[in-house]
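Reading the structure
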Amino acid sequence: VQERWAISGVDLHLDLRGPRVRAGLEAALRDAIASGRLQPGTRLPSSRGLAADLGIARNTVADAYGQLAAEGWLAALQGSGTRVAGRTVEPVPPTASQEESAIRFRYDLRAGSPDLAAFPRSSWLAASRRALRGAPYRSLDYTDPRGLPELREALAAYLARTRGVHVSSDRVLVCTGFTQGFGLLCDVLRARGARTIALEQYLQPGIVDIATARGLRITTLPVDAHGAAIDRLGPADAVLLTAAHQFPLGVPLAAGRRAQVVEWARRRGALIIEDDYDGEFRYDRHPLGALQALAPELVVYAGTASKTLAPGVRLAWLVVPEPIVGELVQAKIRADRNSSAFDQLTLAELIRSDAYDRQVRRARLAYRRRRDRLALTLQRRAPHVRIRGIAAGLHALLELPAGTDEGEIISRAARRGLALEGLGDYAASCDIRGETPALVVGYAKPPEHAFTAAVGRLVAALTGD
Ligand SMILES: Cc1ncc(COP(=O)(O)O)c(C=O)c1O
């Protein structure tokens, strides 16, 4: 009988103090409820179960429950045991500013996320069920810090097939987003004595902080129509490049510069980190292959599920040169031992079953249509704006006439309920803010039904209508 209670009961932590057991129990329950640790509606263990857990008489617990019910702390409900009584205090209504911000940003064209409403929920659930059903016990243990072999093998095949990456599964490291992967790489670089990393002049916010927090110095690389200016790399020990589609300017790194950066890295013994965050999304031509294929011994290739599926998946992958695998594994162990087995198994199954490819193809078609609608609408209704960087990716750069104040357009958009960001928000350093007034428009972000209205508000903000 004891065993059945132990299995069917609920756990409750109580600090019993003082010589009198019943008074101590009542005081402990009152404290826990008054401090909010036990929320209204929380089910308490049965008197039998709690008595067994605390090693006291069942009647003592029943009496204490009775007393607290009489005082209004607990409610004994027929058929559903004893619960913490509901408070008479009304929930705090949202403040005016909380309500305002929800209304202000009914639409969102900030870059960074795909259409979250298009996340393939049923394929993910089906893949998760299949994967968990078939997974051996060992996958649920502490596993290889590089990631589960199932996922590393699926990724190796996928990346070789779709991005031309030179890869074997033993050089794949699964991480919690590119954000973690980049931090781990900075750790390894520092431990190897690196001092300086070169970053593109405009980039994903947060990257500068990750590198400087690890003790690396930053140099910035200008970006022109051919991508990052490799001839300005100088004496850095590493460089981070968004070679397929510069984030956020949208230009690809030209073939000549790809060869040039490899030559630079070879000469200096430096490391290239290729952030291939949206490499799957190329619209007008055949996708540019990964830069990594030119020199797998010098380039770390990085990919992420944040654009193909959703940022909330928190899975990304690095393909690393053989000599740094061991050091990266040590950094991953120090960070979090290994990434979630459940998510890894699901993603592996999604890739193996081709559901991942189908999702990418569906999304590519939908985003291409949106991009065309955006370009056409701007051409017709805001011809003073030049749209750039649209051969690929999930965002466009809207160049504004010289002298335009980005902030003014962003405020106008906010007044119309649209969240927008300017190019200045992506500057690696303050001195280049405002040099080229432009907006970074994440056209993939709104759900399909809100896209037309979001673009309408964008046009109104641009034209002042
Ligand atoms: C340039 C760039 N790289 C990588 C990422 C993905 O980062 P994570 O994998 O941590 O979500 C993003 C996301 O916005 C990005 O803009």
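Our subject is the structure listed above.
Because the structure is a prediction, the values reported are computed rather than measured.

Some thoughts on the site of the ligand
Around the ligand, the structure places G112, G177, F178, T179, Q204, F247, D275, Y277, T304, S306, K307 and R314. In this structure, a nitrogen atom belonging to the ligand sits 2.6 Å away from a side-chain N or O atom of D275. One of the side-chain N or O atoms of R314 is found 2.9 Å from an oxygen atom in the ligand. Taken by itself the ligand offers 400 Å² of open surface, and the protein chains cover 92% of this. Elements with a contribution of two residues or more to the shell around the ligand: helix 8 (177-191) and helix 11 (305-308).

Topic: the pattern of salt bridges
Pairing between side chains of opposite charge can happen when their charged atoms approach one another. Inspection of the entire model under this criterion finds 25 salt bridges. Close ionic contact of R352 with E349 constitutes a salt bridge, the shortest N to O distance being 3.0 Å. Of this pair, R352 and E349 both sit in helix 13 (residues 341-352), three residues apart, which is roughly one turn of the helix. The class for E349 is buried, based on a relative accessible area of 13%.

Here's the deal with the side chain of R371
Mapping R371 onto the fold places it in helix 14 (residues 355-381). For R371, the residues in contact, after removing those within four places along its chain, are Y283, D284, I390, A391 and Y443.

Describing the nonpolar core
Counting residues in each nonpolar core, the largest one holds 32 residues, and the members touching the most others are F182, I197, I273, L318 and L328. The biggest single contributor to this core is helix 8, with seven residues. Beyond its immediate chain neighbours, meaning those up to four positions away, F182 contacts I197, L199, I207, I210, A211, L240 and I273. In this structure, A363, V385, L418 and L439 belong to the second largest nonpolar core, which totals 30 residues.

Digging into the sheet that holds strand 12 (residues 316-319)
Spatially, the seven strands line up as an open sheet ordered 4-12-11-10-9-5-6, and their pairing is mixed. Single-partner strands in this sheet number two, and they are strand 4 (172-175) and strand 6 (217-221). In this sheet, neighbouring strand axes are inclined to one another by 20 degrees on average, regardless of whether the strands run parallel or antiparallel. In the sheet, strand 9 (residues 238-241) pairs with strand 10 (residues 271-275) via four bridges, with the strands oriented parallel. Bridging from a neighbouring strand, L240 pairs with I273 of strand 10. Packing against the sheet, helix 8 makes contact with strand 4, strand 5 (196-200), strand 9, strand 10, strand 11 (299-304) and strand 12, and its axis sits at approximately 175 degrees to strand 10.

Calculation criteria
- Residues numbered from 1 in each chain as written.
- Predicted model: local features only at pLDDT ≥ 70, side-chain atom pairs only at ≥ 80, totals over all residues.
- Heavy atoms only, no water.
- Near = heavy atom within 4 Å.
- Polar contact = N/O pair within 3.5 Å; in protein donor to acceptor, adjacent residues only side chain to side chain.
- Areas by Shrake-Rupley, 256 points an atom, 1.4 Å probe, with all protein chains shown as cover.
- Helix = DSSP H or I, 4+ residues; strand = E, 2+ residues; numbered from the N terminus.
- Salt bridge = Lys/Arg side-chain N within 4 Å of Asp/Glu carboxyl O.
- Buried < 20%, exposed > 50% of the residue type's maximum accessible area, 1.4 Å probe, protein only.
- Contact = heavy atoms within 4.5 Å.
- Core = buried A, V, L, I, M, F, W, Y, C linked by side-chain atoms within 4.5 Å.
- Pairing = 2+ DSSP bridges.
- Axes fitted to C-alpha atoms, helices over the stretch in contact; angles between N-to-C directions.

These values are about where atoms sit, not about what they do.
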